[in-house]
Amino acid sequence: MSKKLVFLGSLSVFISGLFYIISDFRKFQLPLLGFGFLCFGLVLLFLRPLRFNWSFSFWFLFRFMSYGVILGTLVNTDPSLFVAGLSLVFSFLILTILTPTFERNDLARIATCAFWIAHIPFLVFPAILQGISLPYRGVFYNPNSLGTVAATVGSVAIATFLGAKNARKYRRVALLCIFVFSVILTLLSMSRTSAVSLFLVVLFLLVAFLIPQLDKSRKRISRKQAKQILLFCVFISLLFLVVKPLNSLLMNTIIKKFLVKAQQGDIFDRRSVLWKIVISEASVFGHGRDYFAHLGLGAHNTYISILGQFGIVVAIPFVGMVTIMLKETFEFARRYYMQDTYALVPLASMTCFVTLSLAEGMLMKSSMFMAFIMAGYSFSYRRERDYTE
């Protein structure tokens, strides 16, 4: 029963993150998110006493951020700020802290399965039914939103592909097709942030994969597995270098857009001007939920968005917790790649969320939810293995 509730909760949370960036469905985002959190809460009825494995520093930062949200709401007298802050606090609490204690062994499989069911239809069916034009946005309210979703799906696909070392061929082929499809959608969206994020995810995964191979005391991958990784790298490189339509797509979307913005002297497309204003006006408790509406531009940066709305008292612990989570997912991938099929997924999802957040607002979107769940899984699972080894 608990597994079904975790699956249903994960599915609801992921779909709510997608609804957030679909104009016609955005009104359903909060109710669906609440339903997902309720499903996770009901799991508590089926549990024995919980043992939390998070470090003292993470707990301290989490509590600090929670108090910051409450104080910021009181200072700004802004109920909408409290709702947004409470959603963020509950996302950390339920997805990253509580959920990994529910289904420690099966959480990655359950969450990844829910992730595919939630995302694939929103990417595939619009492309088939509506056709494609540049820049492509699918069912989402702008092309950048599609790009962030495609990059997230591609990140999870490549991480699962590299981790499924002993899976059946049809599964690995399916994961590879999802990855290539995601890369193509990312290029069609012409989202530079998403393209760079997906590239960095692949780079981080390869680094996490290669480091253990240099340690003679650790079990290494077989020669067959090494060949598969090498063939994958060669295949992807040749795919975009030799196949003319894909090469043309890469050059005429992302590369061309980078060059045009560079020639204009504004590679961040006016975002850096806004960021400087927000940093210069930063206050302890922020300026409220409508701060960026008054400025006339969206934050286009998760960290700047939190700084402007919630203030320093929330921004600093948020960055601190995300840093801890990224570090833990990298360590988890490095240590357990040979033992856990999903060992690379936490690192991929966290890297994707962190890098996308540098130039896009990613709060309460499916990328954030996947990153939070998988980061909690990696930390809890690693601590549990450390206790028993």
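Quick note: structure is the one above.
Because the structure is predicted, anything quoted here is derived from the model rather than measured.

**Q** So what about the overall build of the protein? Which residues, and what values?
**A** Of the regular secondary structure elements, the protein holds 16 helices and 0 strands. Across the 389 residues that make up the protein, the buried fraction comes to 55%. Taking contacts inside the protein between residues at least 6 apart in sequence as the whole, the part at least 24 apart equals 76%. Accessible surface, the protein: about 17800 Å² in total, of which carbon and sulfur atoms supply 67%.

**Q** Can you tell me about the environment of Lys-4, naming the residues and giving the values?
**A** Position of Lys-4 among the secondary structure elements: in helix α1 (residues 2–19). In this structure, the C-alpha to C-alpha distance between Lys-4 and Cys-39, residues 35 residues apart in sequence, is 9.2 Å.

**Q** Residue-level account of the pattern of salt bridges, with values.
**A** A side chain of one charge can pair with a side chain of the opposite charge when the charged atoms of the two come close. Inspection of every chain in the model, using the stated rule, returns 3 salt bridges. Arg-334 serves as the salt-bridge partner of Glu-331, at 2.7 Å between the closest nitrogen and oxygen. Taken together, the positions of Glu-331 and Arg-334, both in helix α14 (residues 312–336) and 3 residues apart, correspond to about one turn of that helix. A cluster of three or more residues bridged by salt bridges with shared partners is formed by Lys-3, Asp-106 and Arg-109.

**Q** Summarise the packing of α1 against helix α2 (residues 29–43); cite the residues concerned and give the values.
**A** Two elements in contact, α1 and α2, have axes whose closest approach is 8 Å; the angle formed by their N-to-C orientations is 160°. For the element pair α1 / α2, the angle class is roughly antiparallel. Considering how the two elements wind past one another, α1 and α2 form a crossing that is left-handed. Taking contact as the criterion, the partners of Ser-2, Leu-5, Val-6, Leu-8, Gly-9, Ser-10, Ser-12, Val-13, Ile-15, Ser-16 and Phe-19 in α1 are, on α2, Gln-29, Leu-32, Leu-33, Phe-35, Gly-36, Phe-37, Cys-39, Phe-40, Leu-42 and Val-43. Here the residues of the contact of α1 with α2 are counted per class, giving 14 nonpolar, 7 polar and no charged.

**Q** Break down the environment of Pro-143 for me, with residues and values.
**A** Here Pro-143 is to be found in helix α6 (residues 143–163). It is 6.9 Å that separates the C-alpha atoms of Pro-143 and Ser-191, two residues lying 48 residues apart in sequence. Apart from the residues within four sequence positions on either side, Pro-143 is in contact with Pro-135, Tyr-136, Arg-137 and Ser-189.

**Q** Tell me about a nonpolar patch on the surface, and please be specific about residues and values.
**A** A cluster of nonpolar side chains, contributed by Leu-30, Tyr-67, Ile-70, Leu-71, Leu-74, Phe-82, Val-83, Leu-86 and Phe-90, occupies part of the molecular surface with about 820 Å² of accessible area. Of all the secondary-structure elements, those providing two or more residues to the nonpolar patch are α3 (56–76) and α4 (79–102). Checked against the element boundaries, Tyr-67 lands in helix α3.

**Q** Please give an account of the nonpolar core that cites residues and values.
**A** Core analysis: the largest hydrophobic core is formed by 112 residues, its most contacted members being Phe-92, Leu-95, Phe-140, Leu-205, Phe-318, Phe-353 and Phe-372. Look past the residues within four positions of Phe-92 in its chain and what remains in contact with it is Phe-58, Phe-62, Met-65, Ile-97, Phe-318, Met-321, Met-325 and Phe-372.

**Q** Please set out unusual backbone geometry residue by residue, giving values where relevant.
**A** Residue Pro-135 is reached from Leu-134 by a cis peptide bond, and omega for that bond is -15°. Of note, Pro-135 is situated in the loop between α5 (107–130) and α6. Here Thr-77, not a glycine, exhibits a phi torsion of approximately 45°, which is positive. Relative to the helices and strands, Thr-77 resides in the loop between α3 and α4. Unusually for a residue other than glycine, Met-190 sits at a positive phi of about 60°. Secondary-structure assignment places Met-190 in the loop between α7 (169–189) and α8 (192–213). By relative accessible area, which is 19% here, Met-190 ends up buried.

**Q** So, the packing of α5 against α6: which residues are in play, and what are the values?
**A** Running from N to C, α5 and α6 point in directions that differ by 140°, and their axes come no closer than 11 Å. Taken together, the axis directions place α5 and α6 in an arrangement best described as oblique. The handedness of the crossing between α5 and α6 comes out as left-handed. On α6, the residues that touch Thr-112, Phe-115, Trp-116, His-119, Ile-120 and Leu-123 of α5 are Leu-146, Val-149, Thr-152, Val-153, Val-156, Ala-157 and Thr-160. A breakdown of the residues in the contact of α5 with α6 according to their chemical character gives 9 nonpolar, 4 polar and no charged.

Analysis parameters
- Residues numbered from 1 in each chain as written.
- Predicted model: local features only at pLDDT ≥ 70, side-chain atom pairs only at ≥ 80, totals over all residues.
- Heavy atoms only, no water.
- Helix = DSSP H or I, 4+ residues; strand = E, 2+ residues; numbered from the N terminus.
- Buried < 20%, exposed > 50% of the residue type's maximum accessible area, 1.4 Å probe, protein only.
- Contact = heavy atoms within 4.5 Å.
- Areas by Shrake-Rupley, 256 points an atom, 1.4 Å probe, with all protein chains shown as cover.
- Salt bridge = Lys/Arg side-chain N within 4 Å of Asp/Glu carboxyl O.
- Axes fitted to C-alpha atoms, helices over the stretch in contact; angles between N-to-C directions.
- Parallel < 35°, antiparallel > 145°, perpendicular 65-115°, else oblique.
- Left-handed = near helix turned anticlockwise from the far one by under 90°.
- Nonpolar A, V, L, I, M, F, W, Y, C, P; charged D, E, K, R; others polar.
- Patch = residues over 30% accessible without salt bridge, like charges linked within 9 Å, V, L, I, M, F, W, Y side chains within 5 Å.
- Core = buried A, V, L, I, M, F, W, Y, C linked by side-chain atoms within 4.5 Å.

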